[in-house]
Structures are given as structure tokens and as C-alpha cells.
Amino acid sequence: HDWTASSNQAWCTLATTSGEKGNVSLKATLAKNTAFEKRMATITLKAGTASQKVIITQEAAPKDKLELVTTSFTVTAEGKDIHIPFSTDVAWEANADQEWCTLSATSGEAGNQSIIAKIAKNKVKSERKATITFKAGTATPQTVTITQEAAPPDEIEIKETSFQVGTEGKEIEISFTTNAAWMIASNQ
């Protein structure tokens, strides 16, 4: 044999690995790349004491598309409905990690989509967060973070705080405004 050829990758196979001198055409078969990373193979040709390398680079397999327009939202303690638009070229699914964040849909078909995240009123005096995770085929999963402000501190505002009543007694009206559940008691 006047020449030899070898490949350093199993996905790059050669029709023949040796032959006689002259004008040669060597066929290499490249398997489909199903990985999401580019890859390289080196074919080494040797003839006598001479050696040459042929480098083959194969593109990564395309991932499915999943694109979110906005990935974070902040809402007041009162809560609200948030429209979350996104686009995908395959079927999708979504889930929220908090009960106070409910989704109008948790799966669907490809296309330009939008779901609604209904955010309940925050009655707790601390900020809270929810994460919605979107998945679509081979696309990298994406998340939307929703931050909800803490409930405001309890407040009560009394219009008139002092009354003078004669010995006969009388009925008075106490007017007040509050942002919390209330109760009233008399010390007498």
C-alpha cells in the first residue's frame, strides 16, 4: 500500500483506509450531529514518510426555539394579572412554584403565545417571589421571576379622638379609616 488514511472520530468514517499511489479521491461519511455542540474530526493521510491532516468541523444540532419577551415583573401587594408573551417553535409547558401565582395555561402548541399569571393579594408584611419555568422541547428552559411587594403596615386613622359628653349621656359616632380588619372595644 502506498498510502493510508485514518479518522480520529467514530462519527467520521472513511470508505477506504489505504490504496496505491496516484490521483485518489477519498470518501468520508459524516454522521448526523445530534449534540448541541460543534465538533471536529481529523483525517490523517500518510504516504511513505509524508503526512497531511484534513480537519472537518461539523455544526451543532439546532435547539428548539423558546423566547421570552420579559423575564421579571414586580407587582404591588394588591396583586394583578400579568400577561407573559413568548414564542416557541414546538409544544411548550409552564409551571409556577408558588400557589399565589396561578397560570391561565400550563401547556400549548408552537407559535407566538401569551399566558396570564394571576397574582393574589399579598397579606404578609414581607416581599415574596415566584418563579415560572417554561420548557419547550430541546430549548434551554427559561424562567420568569415575579416579585410582589409586602403588604403595607396596618393603619388606622380616627377623625375625632376625643368627645365631651354631658351627664345625661348620648350616642356618638366614631369615624375611622383602616386598611386592615378591625375590632373595637370599650374599657368601661
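Look up a bit, the structure's there.
About the cut-offs
Residues numbered from 1 in each chain as written. Predicted model: local features only at pLDDT ≥ 70, side-chain atom pairs only at ≥ 80, totals over all residues. Heavy atoms only, no water. Helix = DSSP H or I, 4+ residues; strand = E, 2+ residues; numbered from the N terminus. Rg over C-alpha atoms; globule rule 2.2 N^0.38 Å. Buried < 20%, exposed > 50% of the residue type's maximum accessible area, 1.4 Å probe, protein only. Contact = heavy atoms within 4.5 Å. Areas by Shrake-Rupley, 256 points an atom, 1.4 Å probe, with all protein chains shown as cover. Lys, Arg positive; Asp, Glu negative; His and termini not counted. Charge placed at Lys NZ, Arg CZ, Asp CG, Glu CD. 1 Å grid on protein atoms, 1.4 Å probe; cavity = no way out; pocket = protein on both sides within 12 Å on 5 of 7 lines; lining within 4 Å. Points joined across faces, edges and corners; volume = space filled by probe spheres on them. Nonpolar A, V, L, I, M, F, W, Y, C, P; charged D, E, K, R; others polar. Pairing = 2+ DSSP bridges. Axes fitted to C-alpha atoms, helices over the stretch in contact; angles between N-to-C directions. Core = buried A, V, L, I, M, F, W, Y, C linked by side-chain atoms within 4.5 Å. Salt bridge = Lys/Arg side-chain N within 4 Å of Asp/Glu carboxyl O.

1. Some remarks on the overall build of the protein
When its secondary structure is counted, the protein shows 0 helices and 17 strands. Rg of the C-alpha trace for the protein: 35 Å, well past the compact-globule value of 16 Å for 188 residues, more than 25% over. Burial analysis of the protein (188 residues in total) assigns 24% to the buried set. Long-range pairs, those at least 24 residues apart, make up 52% of the contacts in the protein with a sequence separation of at least 6. Accessible area for the protein stands at about 13300 Å²; split by element, carbon and sulfur atoms hold 49% of it. Looking at the protein, you have 19 positive and 22 negative side-chain charges, and the mean spots of the two groups are 13 Å apart.

2. Focus on the layout of surface pockets
Considering only enclosed or pocket space, the largest pocket measures out at about 210 Å³ in volume. Lining of the largest pocket is provided by 13 residues; of these, Trp-3, Val-24, Leu-45, Lys-46 and Ala-47 occupy positions nearest its centre. Where the lining of the largest pocket is concerned, the elements lending two or more residues are β5 (39-47) and β6 (50-58). Class assignment of the residues belonging to the lining of the largest pocket gives a composition of 6 nonpolar, 4 polar and 3 charged.

3. So, the sheet that holds strand β13 (residues 111-119)
In any sheet, the strands associate via hydrogen bonds between backbone groups, in a parallel or an antiparallel arrangement. Strand order in the open sheet formed by 4 strands is β7-β9-β13-β11, and the pairing between neighbours is antiparallel. Edge positions in the open sheet fall to β7 (66-68) and β11 (101-103), since each of these has one partner strand only. Within this sheet the neighbouring strands show an average axis-to-axis angle of 30°, counted without direction.

4. Points about the environment of Ala-105
When you line up the elements, Ala-105 lands in the loop between β11 and β12 (107-108). For Ala-105, a relative accessible area of 25% corresponds to the partly exposed category. If we skip the residues at most four places from it in the chain, Ala-105 touches Trp-92 and Ile-115.

5. With respect to the nonpolar core
Grouped together as the largest cluster of nonpolar side chains are 22 residues, with contacts concentrated most on Ile-84, Cys-101, Ala-117, Ile-132, Phe-134 and Ile-146. Those elements that place two or more of their residues in this core are β7, β8 (72-75), β9 (80-88), β10 (92-96), β11, β13, β14 (128-135) and β15 (142-148). Non-local contacts of Ile-84, meaning those with residues more than four positions away in its chain, are made with Leu-68, Phe-73, Gln-113, Ser-114, Ile-115, Ala-117, Ile-132, Phe-134 and Val-144.

6. A short note on the pairing of strand β1 (residues 3-7)
As paired elements, β1 and strand β3 (residues 18-19) share 2 bridges and run antiparallel to each other. Counted as the bridge partner of Thr-4 is Ser-18 from β3. When β1 meets β5, the two strands line up antiparallel, connected through 5 bridges. Directly across from Ser-7, in β5, lies its bridge partner Ile-43.

7. So, the pattern of salt bridges
Note on pairing: side chains with opposite charge can pair once their charged atoms come close. The final tally for this structure, using the stated rule, is 3 salt bridges. As a salt-bridge pair, Lys-121 and Glu-78 come within 3.8 Å of each other at their nearest N and O atoms. One end of the pair, Lys-121, is in the loop between β13 and β14; the other, Glu-78, is in the loop between β8 and β9, and 43 residues separate them in sequence. Looking at Lys-121, the relative accessible area reads 44%, which means it is partly exposed. Classification of Glu-78 as exposed rests on a relative accessible area of 53%. The salt bridge partner of Lys-118 is Asp-81, with a shortest N-O separation of 3.6 Å.

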